[in-house]
Amino acid sequence: MSRSFTDRDDRYVGTQTWASALGDPAVRRAIGQTVEIAVASTIGCVVVGTFIAFVLSFVPFPGAGVIVRIIEAVVSLPSFLIPLALGVMFGPVGVVSAVTGHRLAFMSSVTGVVLAEVAFYTPFVVRPLLAAFSQFPTAQIDVASSLGAGPLRIAMRVIAPAVWPALAAAASLTFLLTLNEFGIVLFTGAKSVTTLPILIYTKSIVGSDFATAAVLATVQLFLSLGAYLLYRTVVRRFDTTGG
């Protein structure tokens, strides 16, 4: 953090570098785009991950165990493989793009980045929910069903409150990971997408402006800490009211 109070020549300049960096419209756009992509990706992961975990837990079918193993295997892959694979299908010269006359070439955009992050980080939601669902007493479902509650009502009123802590933790982790994601954004090749990690890389490695990069890295750190503290506050409040 001390490097953020110097200039490019490592001379102390107080908050001048901070003022210059935060006054740059490109930096403000990068901060906004970083949060926008993280929020959209987290929502996508929560929706898709919750659906997958619910089906795998409460709608048994042949091959469910294999699907769980595949989902777990995705986490072990380098994140940049996902945008590369999606680029082959939906990139500017991808298979789907060629077939549709470049109508579905959306990988070089915010949509492509969000799609790639949802594809990679959804298992981080599925795994905690599978563990939470496995500990849920199925007798409660039987009782609610016998009292006339439908599947949607059971899911929202009976199951959801019990797995809320796991879902909140998974969503928080996903948001923090997508907020700091670098490889997926870089390998998606979306020139119009500039997030804070990309800008930090550009300022430090490409531009050798380590002072500005230090400012941006500190901002990134504050965003991550703020997201974590917000998660802790929400969970603590839920525990208090729920108790």
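Numbering of residues begins from 1 in every chain and follows the order in which that chain's sequence is written. Selection of residues for local features in this predicted model requires a pLDDT of at least 70, selection of side-chain atom pairs for listing and counting requires 80 or more, and totals for whole chains, interfaces and linings are taken over all residues. Side-chain measures were taken over the full set of non-hydrogen atoms in the model, leaving aside hydrogen atoms and water.

Draft legend 1. Spotlight on helix α6 (residues 110–121). Helix and strand labels come from DSSP, where a helix needs a run of H or I of at least four residues and a strand needs a run of E of at least two; each type is numbered from the N terminus. Any helix carries an expected span of 1.5 Å times its number of residues minus one. The end-to-end C-alpha separation of α6 is 16 Å, in line with the 16 Å expected for twelve residues at 1.5 Å each. Of all the residues in α6, the buried ones are G112, V113, V114, A116, E117, V118, F120 and Y121. Each residue is assigned to one of three classes by its accessible area relative to the maximum for its type, calculated with a 1.4 Å probe on protein chains only: buried under 20%, partly exposed between the two thresholds, exposed over 50%.

Draft legend 2. The arrangement of the environment of V185 in detail. Its place among the elements puts V185 in helix α10 (residues 183–188). Distance from V185 to T195, taken between C-alpha atoms, is 7.9 Å for residues ten residues apart in sequence. Whether two residues are in contact is decided by their heavy atoms, any of which lying within 4.5 Å being enough. Not counting chain neighbours up to four residues away, the residues in contact with V185 comprise V113, E117, A190, V193, T195 and I198.

Draft legend 3. Focus on the packing of helix α4 (residues 81–90) against α6. All axes are obtained by fitting lines to C-alpha atoms, using only the stretch in contact for helices, and the reported angles, taken between N-to-C directions, cover 0 to 180 degrees. Between α4 and α6, whose axes approach to 9 Å, the crossing angle comes to 125°. When the axes of α4 and α6 are compared, the pair comes out oblique. Every pair of crossing elements has a handedness; the one defined by α4 and α6 is right-handed. Touching I82, P83 and L86 of α4 are L115, A116, A119 and F120, all from α6. An angle below 35 degrees is treated as roughly parallel, one above 145 as roughly antiparallel, one from 65 to 115 as roughly perpendicular, and anything else as oblique. Crossings are assigned a handedness: left-handed for a near helix turned anticlockwise from the far helix by less than a right angle, right-handed for a clockwise turn.

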